[in-house]
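Tertiary structure, described
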Amino acid sequence: MEGLVLCPANYIPLTPLSFLERAAFVYRKKVALIRGNTTTCSWEELHGRCLKLASALSQLGVSPGEVVAAVAPNVPALYELHFSVPMAGAILSALNTKLDAATLAQILQQLEAKVIFVYSDFIKLVLQALTILQEKDKPYLIVLINDNNNGYESPVSSAPQRILDYQTLVEIGQPNFKIVYPKNEFDPISINFTSGSTGKPKGVVYSHRAAYLNAIADCFRYEMGKSPVFLWTVDMFRCNGWCLPWTVAALGGSNICLAEIYGKAILDTIYLHNVTHFCGAPMILTKIAHAIGTNQPLLPHQVNVTVAGVLPPPDIMTKLEELGFNINHSYGMSEALGPVISMPRKFQDDFPKSNEDANVKIREGIHNIMMEQVDVKDPESMKSVPADGKTIGEIMFRGNAMMLGYLKDPSRTEEAFDGGWYRTKDLGIKYPNGYITLKDRAVDVIKSGGEIVSTLEIEGVLIRHPMVLVAAVVAGPDDVLGETPCAFVKLKEGCFVTDQGIIKFCEDWLHDYMVPKAVIFGDLPLNSSGKIQKFILRDKAKAIVHFERTRHNI
């Protein structure tokens with residue numbers, strides 16, 4: 001149309017950096033960060049520190065588009081890096097602190113990071129990884145984060161890497177540094193690595209635009225109003241803490257960082273700081289439940305907690321809800337910047353009979369404001385499956401809060417976005433009210449005779465057994481049916497039950513074809529994210545069947 005124009009007056013590239021700029025102006029003296037019971041920082045002070053750190057990075061030679069890595073837990077420094085690194089025009093990659101040295105070396109080689117920020121507890125791990133790389137011609141610059149002020153003595157006296165102190169680095173920065181805003185809102189802001197539960201970790205690249213939009217979506221997804229008090233129990237190295245560092249800044253909230261994440265500490269912090277929200281893995285619910293005392297007072301107000309993964313047994317959920325927790329169960333992945341679907345737990349057992357108010361809540365959880373479409377489709381025809389609560393298809397997403405692609409892996413990126421949708425490779429079903437239920441990973445599903453068996457459903461029954469601590473189910477080979485369920489179970493300390501006892505328990509809850517035909521007791525292999533490595537268990541199940549066949553033939 002004539003007379004229209006796109007110019008700086010009506011178009012500015014979207015970036016979550018604007019959230020910190022606004023927070024420093026609007027909320028100024030309000031507490032932005034609390035570490036423990038004493039260390040605090042206002043939004044105005046936080047903004048100033050991030051500006052100086054961005055300036056210092058620029059002085060160190062970090063150029064726009066280069067990668068800055070971080071190996072640190074949920075400490076204030078890592079929160080600051082979520083703003084200061086992109087302020088310098090660089091790309092942040094916060095790495096899992098539970099990685100082994102070999103995997104960390106592999107990731108660092110892929111990233112080609114110029115600077116690595118390292119929390120003092122993990123300096124040995126990082127130096128071991130760099131020794132594996134043996135890149136002495138291009139030594140990495142390490143910035144040590146030591147918020148305990150205990151001093152530092154290098155565990156490797158002859159380390160070729162140059163090591164700087166985090167606080168010292170902040171001090172050399174200029175407070176009037178000019179922020180390097182993205183010229184294009186699709187420029188990368190961060191790189192997050194998948195947990196690698198099925199193989200090699202993949203670098204998932206986020207854009208400024210997607211991070212901005214997903215941070216806004218978080219306000220609706222987690223029902224966050226103005227000035228929330230957010231307790232950091234979800235790792236910031238997971239999908240940039242589900243984009244919540246930027247969300248809390250947008251709302252002028254307060255961030256509470258814990259030295260250690262255990263049940264009593266979480267409860268004490270909720271009462272002390274009037275925490276309103278926290279997120280993470282379902283295990284935090286179990287930790288809290290076990291820490292609840294006999295005469296535990298009710299929470300001062302309802303506390304919203306959102307978890308992603310297999311929920312603990314119902315008795316734990318009920319115990320927490322009676323105390324005052326509002327528990328939401330979510331589903332998502334790194335490629336979608338964290339959770340996509342989120343629904344109050346209280347609706348899950350009753351959603352087929354939900355009233356219209358509940359149905360609206362369910363649909364809001366699925367069709368979030370920044371995810372244009374969530375569907376279950378036939379992966380071949382790309383047609384939506386019937387919303388009958390029975391027909392299985394592949395869960396797929398499309399929208400503005402998705403990754404740009406996989407780092408240095410165009411073929412995997414093309415495969416992931418094939419057909420104009422992000423293909424999760426997760427199987428699910430859809431109900432008439434729109435709710436989508438995850439049935440299983442496509443690689444994990446068991447094909448037994450003519451039945452499709454969900455390992456997640458069997459695991460949900462196994463953890464209800466009073467003696468079972470954790471369980472995983474995989475496909476075991478069968479001469480007649482092709483595959484049958486094989487359960488791997490770790491019992492609670494001091495407990496004992498036979499394999500037949502477990503099988504009998506499952507028979508009371510499951511169809512015959514879903515009951516495990518074999519039960520193996522012992523520890524379960526976990527990856528760095530704490531996820532069970534089912535590909536290892538599948539190989540073990542095959543080996544056990546092969547051994548039994550060989551022994552029988554003998």
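Throughout what follows, the structure given in this document is the object of discussion. (Residues numbered from 1 in each chain as written. Predicted model: local features only at pLDDT ≥ 70, side-chain atom pairs only at ≥ 80, totals over all residues. Heavy atoms only, no water.)

Within the protein, the secondary structure is distributed over 17 helices and 25 strands. Within the span of the protein, comprising 554 residues, buried residues form 55% of the whole. Taking contacts inside the protein between residues at least 6 apart in sequence as the whole, the part at least 24 apart equals 69%. (Helix = DSSP H or I, 4+ residues; strand = E, 2+ residues; numbered from the N terminus. Buried < 20%, exposed > 50% of the residue type's maximum accessible area, 1.4 Å probe, protein only. Contact = heavy atoms within 4.5 Å.)

Further remarks concern the nonpolar core. With 121 residues, the main nonpolar core has Trp43, Tyr79, Phe117 and Phe397 as its most contacted residues. In this structure, Ile266, Leu267, Phe278 and Ile316 belong to the second largest nonpolar core, which totals 26 residues. (Core = buried A, V, L, I, M, F, W, Y, C linked by side-chain atoms within 4.5 Å.)

Here helix α7 (residues 208-221) spans 19 Å end to end across 14 residues, near enough to the 20 Å set by a 1.5 Å rise per residue. Turning to α7, its buried residues are His208, Arg209, Ala210, Ala211, Tyr212, Leu213, Asn214, Ala215, Ala217, Asp218, Cys219 and Arg221. After α7 finishes, the residue Glu223 shows a positive phi value of roughly 50°. (Expected span 1.5 Å × (residues − 1).)

It is worth spelling out the packing of aromatic side chains at this point. Counting across every chain of the model gives 11 aromatic pairs. Between the aromatic rings of Tyr119 and Phe122, the centroid separation amounts to 6.4 Å while the plane-to-plane angle is 45°, which identifies the pairing as tilted. A network of ring pairs unites the aromatic residues Tyr331, Phe397, Phe417 and Tyr422 as a single cluster. (Phe/Tyr/Trp six-rings, centres within 6.5 Å; stacked < 30°, edge-to-face > 60°.)

In space, the four strands of this open sheet follow the order β16-β17-β19-β20, with antiparallel pairing throughout. Taken across any chain shown, the strands that pair with only one partner, and hence form the sheet edges, are β16 (373-377) and β20 (436-441). Taken pair by pair, the neighbouring strands of this sheet meet at an average axis angle of 45°, ignoring direction. Alignment of β16 against strand β17 (residues 393-398), held across five bridges, turns out to be antiparallel. (Pairing = 2+ DSSP bridges. Axes fitted to C-alpha atoms, helices over the stretch in contact; angles between N-to-C directions.)

Next up on the list: the sheet that holds strand β12 (residues 277-280). Pairing within the open sheet is mixed, and its eight strands lie in the order β2-β1-β11-β10-β12-β13-β14-β15. Two strands in the sheet have a free side with no partner beyond their single neighbour: β2 (39-42) and β15 (338-344). Within this sheet the neighbouring strands show an average axis-to-axis angle of 20°, counted without direction.

To continue, consider the pairing of strand β4 (residues 91-95). With five of five residues buried, β4 is to be regarded as a mostly interior element. Here β4 shows a buried face lined by Ile91, Ser93 and Leu95 and a second buried face lined by Leu92 and Ala94. Of the pairings in the sheet, the one linking strand β3 (residues 67-71) to β4 comprises five bridges and is parallel in character. Looking across to β4, one finds that Val68 is bridged to Leu92. Note on the crossover from β3 through helix α3 (residues 76-87) to β4: the handedness is right-handed. (Right-handed = clockwise from strand over helix to strand, strands pointing away.)

So, about the pattern of salt bridges. Per the stated rule, a full pass over the model turns up 20 salt bridges. In this structure, Lys29 and Glu44 form a salt bridge, with 2.7 Å as the shortest nitrogen-oxygen distance. Highlighted residues: Lys29 in the loop between α1 (17-26) and β1 (31-35) and Glu44 in helix α2 (residues 43-59), separated in sequence by 15 residues. Lys29 sits in the exposed class, given a relative accessible area of 65%. Classification of Glu44 as partly exposed rests on a relative accessible area of 32%. Close ionic contact of Lys504 with Asp508 constitutes a salt bridge, the shortest N to O distance being 3.2 Å. On the basis of relative accessibility, which here comes to 46%, the residue Lys504 falls in the partly exposed class. (Salt bridge = Lys/Arg side-chain N within 4 Å of Asp/Glu carboxyl O.)

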